[in-house]
Amino acid sequence: MEKDKKIKLGISIGDLNGIGSEIAIKTFEDNRMLEFCTPVIFASIKVMSFFKKHFDSSINFHGINHTDQIIDGKINVLNVWKENVNINFGEEDIKIGEYSVKSLEAATQALKNDAIDVLVTAPIHKHNIQSDSFKFPGHTNYLAEKLGGKSLMFMVTDALKVGLLTDHVPVKDVSGHITSELINEKIDTVYNSLKQDFRVSKPRIAVLGINPHAGDNGVIGEEDDKILRPTLEEIKEKGKMVYGPYSADSFFGSGNYKNFDAVIASYHDQGLIPFKTITFGHGVNYTAGLNKVRTSPDHGTAFEIAGKGEADNGSFKEAVFTAIQIFRNRNEYGEYSKNPLKKAPKKPQ
């Protein structure tokens, strides 16, 4: 990719009754954002004009019907639908969920076709999107099927990165999902992402135990000793700097996470509660392991404040910058890998 070429950044609009449109508008009201990328919002010019008026915004949209009409320096809105949509902020609405899916499907197809370079997804409501034709618990699972690679939910900031062995899995089923094969796959994904997406030359990865106190030598469950620990030893013998399992209850509070480039939690809340406690409002949900770049803010639809103009766009803006940086890092890593004698670019301070 040409160095000076603007990155085309697609945005799926999420649940229209939530805060997705508000945080997108707040982010791109700042015209300086157009120096970093060319945004393409997958929705409709009618609905985005409604949001502009509702939030009394000075933003200007450029309506288009095809991706070949995208213009640099404009906030492009691609018309995925043209009919009027009835917006009721804060309400759960299956019909509105259908528009979330339409936006996501159109943006994903554009990403696959290289019509856009990266994708930032505004929050969806997981119940509202379910239908006979769309049966995915969230963005990550859908994108894993539509795009190449092995997906992993990777919550990231500059100082803290947390990956998951299992993501949207009921707690009662977690231990049954964790196998040696899965552990190897997820650690490989995190390791490779740290190298190519975040420019970490020798990644150090910590893994949290499955049970309280990592099983206490079998007193509180045998999964850590029978599955997790031996698998980590095998991986370490192959040359990766992987450590654990660590007892999760004290790992973050003690600051031990600062000694590692990434932490892998065994299940959703074990990793996301401390991550969001430490970073909330600045964290980014990145789908690592895919052949395309997708990020999102670290929060949901926030129906309770939707339409009130109170939403903080900090995490969404971070998701935009993270997507751009990862895309650039991947391109530079690819060039470096093709020519190993070429000096790798230094990570920005």
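These lines cover the structure that appears in this document, whether it is placed above or below. (Residues numbered from 1 in each chain as written. Predicted model: local features only at pLDDT ≥ 70, side-chain atom pairs only at ≥ 80, totals over all residues. Heavy atoms only, no water.)

All of the buried residues in helix α4 (residues 139-146) are His-139, Thr-140, Tyr-142 and Leu-143. For α4, the buried positions fall inside an angular range of 165 degrees around the axis, keeping them on one side. Elements that come into contact with the buried residues of α4 comprise β1 (7-12), α3 (94-112), β5 (118-121), β6 (149-156), β11 (284-290) and β12 (293-297). (Buried < 20%, exposed > 50% of the residue type's maximum accessible area, 1.4 Å probe, protein only. Helix = DSSP H or I, 4+ residues; strand = E, 2+ residues; numbered from the N terminus. Arc of directions from axis to C-beta. Contact = heavy atoms within 4.5 Å.)

In this section: the sheet that holds strand β4 (residues 75-79). Across the sheet, which stays open at both edges, the 12 strands sit in the order β3-β4-β2-β1-β5-β12-β11-β6-β7-β10-β8-β9 with mixed pairing between neighbours. This sheet does not close on itself; its edge strands, each paired only once, are β3 (61-64) and β9 (241-246). On average, adjacent strands in this sheet sit at an angle of 25 degrees to one another, irrespective of strand direction. Packing against the sheet, helix α6 (residues 180-196) makes contact with β6, β7 (161-164), β8 (204-208), β9, β10 (262-265) and β11, and its axis sits at approximately 65 degrees to β6. Of the strands in this sheet, β8 and β9 are in contact with helix α7 (residues 223-237), which crosses β9 at around 165 degrees. (Pairing = 2+ DSSP bridges. Axes fitted to C-alpha atoms, helices over the stretch in contact; angles between N-to-C directions.)

Let us now look at the pattern of salt bridges. Two side chains carrying opposite charge are able to pair once their charged atoms lie near each other. Under the criterion given, the structure shown has 13 salt bridges. Notably, a salt bridge pairs Arg-330 with Asp-197, separated by 2.7 Å at the nearest N-O pair. Remark: Asp-197 occurs in the loop between α6 and β8 and Arg-330 occurs in helix α10 (residues 314-338); sequence separation between them is 133 residues. Accessibility assignment for this pair places Arg-330 and Asp-197 in one class, buried. (Salt bridge = Lys/Arg side-chain N within 4 Å of Asp/Glu carboxyl O.)

If you add up the space inside the second largest pocket, you get close to 390 Å³. Forming the walls of the second largest pocket are 23 residues, and the residues nearest its centre are Lys-126, Asn-285, Pro-297, His-299 and Gly-300. Those elements that provide at least two residues to the lining of the second largest pocket are α4, β6, α9 (268-279) and β12. Split by residue class, the lining of the second largest pocket holds seven nonpolar, 12 polar and four charged. (1 Å grid on protein atoms, 1.4 Å probe; cavity = no way out; pocket = protein on both sides within 12 Å on 5 of 7 lines; lining within 4 Å. Points joined across faces, edges and corners; volume = space filled by probe spheres on them. Nonpolar A, V, L, I, M, F, W, Y, C, P; charged D, E, K, R; others polar.)

So, on to the environment of Phe-55. Mapped onto the elements of the fold, Phe-55 is located in the loop between α2 (45-54) and β3. You can call Phe-55 buried: its relative accessible area is 19%. For the pair formed by Phe-55 and Glu-22, sequence separation is 33 residues and the distance between their alpha carbons is 7.6 Å.

Quick look at the environment of Asn-313 now. Relative to the elements of secondary structure, Asn-313 occurs in the loop between β12 and α10. Sequence separation of Asn-313 and Ala-24 is 289 residues, and the distance between their C-alpha atoms is 7.4 Å. Among all residues touching Asn-313, those that are not within four sequence positions of it are Ile-23, Lys-26 and Thr-27. Polar side-chain contacts of Asn-313 include one of 3.2 Å to the side chain of Thr-27. (Polar contact = N/O pair within 3.5 Å; in protein donor to acceptor, adjacent residues only side chain to side chain.)

On to the packing of aromatic side chains. Per the counting criterion, the structure on display carries 15 aromatic pairs. Seen from their ring centres, Phe-154 and Phe-198 are 6.1 Å apart, and the 85 degrees between their planes marks the pair as edge-to-face. Remark: Phe-198 occurs in the loop between α6 and β8 and Phe-154 occurs in strand β6; sequence separation between them is 44 residues. Residue class for Phe-198 comes out buried when judged on its relative accessible area of 11%. Cluster of aromatic residues (ring-pair linked, three or more members): Tyr-243, Tyr-246, Phe-251, Phe-252, Tyr-257 and Phe-260. Its end group placed over the ring of Phe-198, Lys-161 keeps NZ or CZ at 4.9 Å from the ring centre. Between Lys-240 and the ring centre of Tyr-191, over which it is positioned, the NZ or CZ distance is 4.9 Å. (Phe/Tyr/Trp six-rings, centres within 6.5 Å; stacked < 30°, edge-to-face > 60°. Lys NZ or Arg CZ within 6 Å of the ring centre and 35° of its normal.)

Function cannot be inferred from these measures alone, as they are strictly geometric.
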